[in-house]
Amino acid sequence: MDTKIITNVGKIDTEQLNRAKQIITELQNELPEYIEHGHGPFLAAIYSGPYLISKRANTVVMDNCSNHHAEINVIRAAQSELKTYDLAPKNLDLYITAEPCMMCIGAIMWSGIKNVYYGVPSKKVEKITGFDEGFKPNWLEEFKKRGIKVYGNIETELGEDVLKQYVKSKHVVYKPSR
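Residues numbered from 1 in each chain as written. Predicted model: local features only at pLDDT ≥ 70, side-chain atom pairs only at ≥ 80, totals over all residues. Heavy atoms only, no water.

Here the focus is the packing of aromatic side chains. Counted under the stated rule, the structure contains 7 aromatic pairs. Between W139 and F143, the aromatic rings sit 5.3 Å apart at their centres with planes inclined by 85°, giving edge-to-face as the arrangement. Residue W139 and its partner F143 are both found in helix α6 (residues 139–145); the two are separated by 4 residues, about one turn of the helix. The residues W139 and F143 share a single accessibility class, namely buried. In this structure an aromatic cluster arises from ring pairing among Y47, Y95, Y117 and Y151. Across from the ring centre of Y47, 5.1 Å away, lies the NZ or CZ of R19, which sits over that ring. (Phe/Tyr/Trp six-rings, centres within 6.5 Å; stacked < 30°, edge-to-face > 60°. Helix = DSSP H or I, 4+ residues; strand = E, 2+ residues; numbered from the N terminus. Buried < 20%, exposed > 50% of the residue type's maximum accessible area, 1.4 Å probe, protein only. Lys NZ or Arg CZ within 6 Å of the ring centre and 35° of its normal.)

In this section: the environment of E71. With respect to the helices and strands, E71 occurs in helix α3 (residues 70–82). Each C-alpha atom, one on E71 and one on I46, is 9.2 Å from the other, the two residues being 25 residues apart in sequence. Ignoring any residue separated from it by four or fewer positions in sequence, one finds E71 in contact with A44, I96, A98, E99, P100, C101, C104 and I108. (Contact = heavy atoms within 4.5 Å.)

Moving on, we come to helix α7 (residues 156–168). With 13 residues, α7 should cover 18 Å at 1.5 Å per step; its first-to-last C-alpha distance of 18 Å lies within 8% of that length. Burial in α7 covers these residues: T156, G159, E160, V162, L163 and Y166. Along the long axis of α7, the arc covered by the buried residues comes to 160°, so they all point the same way. Residues of α7 that are buried in the fold lie against α1 (14–36), β5 (115–120) and α5 (122–129). Note on α7: the residue one or two positions beyond its end, K170, has a positive phi of about 65°. (Expected span 1.5 Å × (residues − 1). Arc of directions from axis to C-beta.)

As a further point, take the packing of α5 against α7. Contact geometry for α5 and α7: axes closest at 9 Å, N-to-C directions at 25°. Put simply, α5 runs roughly parallel to α7. Crossing of α5 over α7 shows right-handed handedness. Each of K124, V125, I128 and T129 in α5 lies in contact with α7, whose residues at this interface are E160, L163, K164 and V167. Classifying every residue of the contact of α5 with α7 gives 4 nonpolar, 1 polar and 3 charged. (Axes fitted to C-alpha atoms, helices over the stretch in contact; angles between N-to-C directions. Parallel < 35°, antiparallel > 145°, perpendicular 65-115°, else oblique. Left-handed = near helix turned anticlockwise from the far one by under 90°. Nonpolar A, V, L, I, M, F, W, Y, C, P; charged D, E, K, R; others polar.)

Moving on to the sheet that holds strand β4 (residues 93–98). Here 6 strands make up an open sheet; going across it, the order is β1-β6-β5-β4-β2-β3 and the pairing mixed. Both outer strands of the open sheet, β1 (6–7) and β3 (51–57), are each paired with one neighbouring strand and no more. Bridge analysis of β5 against strand β6 (residues 149–152) gives 3 bridges, and the strand direction is parallel. Considered in β6, the bridge of N115 is made with K149. Packed on one face of the sheet, α1 meets β2 (43–48), β3, β4, β5 and β6 and runs near 50° to β4. (Pairing = 2+ DSSP bridges.)

All right, on to the environment of V172 then. Along the chain, V172 falls in the segment after α7. Using a relative accessible area of 45% as the deciding quantity, one classes V172 as partly exposed. Taking C-alpha positions, V172 is 18 Å from S122, a pair spaced 50 residues apart along the chain. Sequence-distant contacts of V172, that is, excluding residues within four places in its chain, are made with V61, F131 and Y166.

One pass over the structure, following the stated rule, counts 5 salt bridges. The residue E160 makes a salt bridge to K124 at a minimum N-O spacing of 4.0 Å. Taken together, the positions of E160 in helix α7 and K124 in helix α5 put the pair 36 residues apart, joining distant regions of the chain. Connected through shared salt-bridge partners, E142, K145 and R146 make up one network. (Salt bridge = Lys/Arg side-chain N within 4 Å of Asp/Glu carboxyl O.)

The structure is reproduced here in structure tokens:
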């Protein structure tokens, strides 16, 4: 089933979309093994053209650290690998198995990432898992103002299946007590 791509810059070209589908599918297919080893249900990768710079999963529960989301982990790894806090000159692509949460939106914006591709939208993540994705007013428009291109809703069914399996397997759905 084809779903409508969410974007802040208009249409995505076919080659770009096919590449995003391929990478996000690979990430979704790898994710169950990460989960089996104690990671959370999100995986992210940063590419420079065809070259993988870094790939990291969510380690919130594993590390007992609420900000160890996949996006933050992968950005930190890329900055270390490339020896810079400013990734903007590198014109990098970030691929994520799900829409970034409120915290990760800030990390992406301040890292200098130029292009973001994601799988499952936040509303679906929240519905399936109970995770709180946070308040994200006009985030697509704010990214556009800053020259960050976003393409989402890519290979969502596969991602939803991974999230459903995560919940079904009784893994921790982490969120602060209220």
